[in-house]
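Descriptive structure summary
One-letter residues, chain by chain:
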Amino acid sequence: MNTMCAAYLFTMLQMNGSQSMMSPVGAASQSITTLAWIVFGVFIAVSVLMWVLITWVAVRRRGTLNDAPPPESPGGQSWILVGGLMIPLVILTVLFILNLNVMAGFPIHSDSDPPPEIQVIGHQWWWEVQYVAGPVSEHFSTANEIHIPVGRDVDIGLTSTDVIHSFWIPRINGKEDLVPGQPNMIRIRADQPGTYRGQCAEYCGAQHAHMIILVVAQTPDEYDAWLAHQRLPATEPSSDEAKQGEQVFLTGACALCHAIRGTDAAGGIAPDLTHMASRQGLAANTLANDTANLEAWVTHAQSLKPNVIMPNLTQYTGVQLRDLVAYLQQLN
Ligand code: CUA
């Protein structure tokens, strides 16, 4: 039964390609996947051996107590010594050494390397992503979506403002924690273009399960174009709706927490919305970034993601809400 469950689990992991550690796209995740298959193979071998022995015990010919009285001398300890002690000791020792070898093979950031290009800061319950390469005028902040160039190492600094979170993009890297007051670093690399889903991997409160991050690996040209666009200030609203929506944003609650570069909104405690329409998800990728979800998120964040800092903004009229959403949706 264990064997069947494990086989089923592994099949499921392979099918869910977007977040499966069994479909690696980089050297670090590849080494973890190889180790996982070795562990799986050993698990299967031990399970088969167990079932053979159990079957043998169940069906072997037995005499009666008269034919074969219980032996006076103690026997059978060798089964316990070999099966219960030596075999597990050998297997666990070999797997432990292989495990250490995989961990030692992870690329790390050394003091002589340039500082990380990207800082990821964990919040309950979203990911702040700061691009900090080059002059300060080129730095910018985004959220819940990291873009990287394909085929190149990218160093990321990891920290947290509140509790411990864990950065895990199963197809790219192993887990690394974001710890308040303890800057960590990770070097990631994706060798195929694509969007790779990750999930906070350390329990961090009520909405831990809704703390999703996407890594988008792009060709160098696409990546440079993305960087150049993200560095720009927000698009000026052109339609009447969007212009009115901008006023709703700037004069209401939104600007107290959110920043939009190029406007007076400079709140620093919630995701930077300068290019929010270019992002794939809302609410740390809990929801697709579309009109219905955006309206629902603005007015009923507490129903969609209870305990999140974003309040229910139910004070707007229907027209104000429509204008606000029109404004946000042209921030591409
Ligand atoms: Cu953040 Cu779990």
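Residues numbered from 1 in each chain as written. Predicted model: local features only at pLDDT ≥ 70, side-chain atom pairs only at ≥ 80, totals over all residues. Heavy atoms only, no water.

1. Let's talk about helix α5 (residues 240-251)
So the rule is basically this: In DSSP terms, a helix is any run of H or I states spanning at least four residues, a strand is any run of E spanning at least two, and both are numbered starting from the N terminus. By this rule the span expected of a helix is its residue count minus one, scaled by 1.5 Å. For every residue, the accessible area obtained with a 1.4 Å probe (protein chains only) is divided by the maximum for its type, and the residue is called buried under 20%, exposed over 50%, and partly exposed between those limits. What the arc measures is the spread of directions leading from the helix axis to the C-beta atoms. When checking whether two residues touch, look at their non-hydrogen atoms; a contact exists if any pair is within 4.5 Å.
The end-to-end C-alpha separation of α5 is 17 Å, in line with the 16 Å expected for 12 residues at 1.5 Å each. Those residues of α5 lying buried are A242, G245, E246, V248 and F249. One side of α5 carries all its buried residues, which in axial view fall inside an arc of 160°. Exposed positions of α5 whose direction lies more than 90 degrees from the buried face are D240 and T251. Close packing links the buried residues of α5 with α6 (254-257) and α8 (318-329).

2. Quick notes on the nonpolar core
Just so we agree on the cut-off: Nonpolar cores were defined as sets of buried Ala, Val, Leu, Ile, Met, Phe, Trp, Tyr and Cys residues, with membership established by side-chain atoms within 4.5 Å. Note that the domain bounds reflect an automated or database-derived domain assignment.
In terms of nonpolar packing, the biggest core is built from 57 residues, with I146, I156, F167 and F249 touching the most fellow members. If one sorts the elements of this core by residue count, α8 sits on top with five residues. Counting the residues that make up this core, at least three belong to each of domain 2 (118-227) and domain 3 (240-329). For F249, the residues in contact, after removing those within four places along its chain, are C254, A255, H258, I260, A265, L273, L324, Y327 and L328.

3. Some details on the sheet that holds strand β8 (residues 184-188)
Whenever strands of a sheet pair, they do so through backbone hydrogen bonds, lying parallel or antiparallel. Definition in use: Two strands qualify as a pair provided DSSP detects at least 2 bridges between them. Angular values range over 0 to 180 degrees, each being the angle between N-to-C directions of two axes fitted as lines to C-alpha atoms, with helices fitted over their stretch in contact.
The strand order β3-β2-β1-β5-β8 describes an open sheet built from five strands, whose pairing is mixed. The sheet is open, and its two borders are formed by β3 (140-143) and β8, each paired with just one other strand. Pairs of neighbouring strands in the sheet enclose a mean axial angle of 25°, with direction left out of account. In this sheet, β3 lies alongside strand β2 (residues 126-131) in antiparallel orientation, the contact comprising four bridges. By the bridge assignment for β3, E128 is matched with A143. Across the sheet, helix α4 (residues 220-231) touches β2 and β3, and the angle it forms with β3 is around 105°.

4. As for the pattern of salt bridges
Let me state the cut-off plainly: In the sections that follow, a salt bridge refers to a side-chain nitrogen of Lys or Arg positioned within 4 Å of a carboxyl oxygen of Asp or Glu.
The tally for this structure, following the rule as stated, stands at nine salt bridges. Note that D113 is salt-bridged to R187, the shortest N-O span being 2.9 Å. Linking D113 in the loop between α3 (77-104) and β1 (118-123) with R187 in strand β8, this pair joins segments that are 74 residues apart in sequence. A salt bridge links R189 to D191, with the nearest nitrogen and oxygen atoms 2.8 Å apart.

5. Focus: the sheet that holds strand β10 (residues 212-218)
Strand order across the open sheet formed by three strands is β4-β10-β9, with mixed pairing between neighbours. Every other strand in the sheet has two partners, leaving β4 (145-149) and β9 (194-199) as the edge strands with one partner each. Averaged over all pairs of adjacent strands, the angle between strand axes in this sheet comes to 25°, irrespective of strand direction. Taken together, the six bridges between β9 and β10 define a ladder with antiparallel strand orientation. From the neighbouring strand, Y196 faces β10, where its bridge partner is V215.

6. So, the side chain of S20
Note the cut-off: Whenever two N or O atoms come within 3.5 Å, that pair is a polar contact, provided that in protein one can donate a hydrogen and the other can accept it, and provided that, for residues adjacent in sequence, both atoms are side-chain atoms.
Looking at the secondary structure, you find S20 in the loop between α1 (2-15) and α2 (27-59). A distance of 3.0 Å separates a polar atom in the side chain of S20 from the backbone nitrogen of M22.

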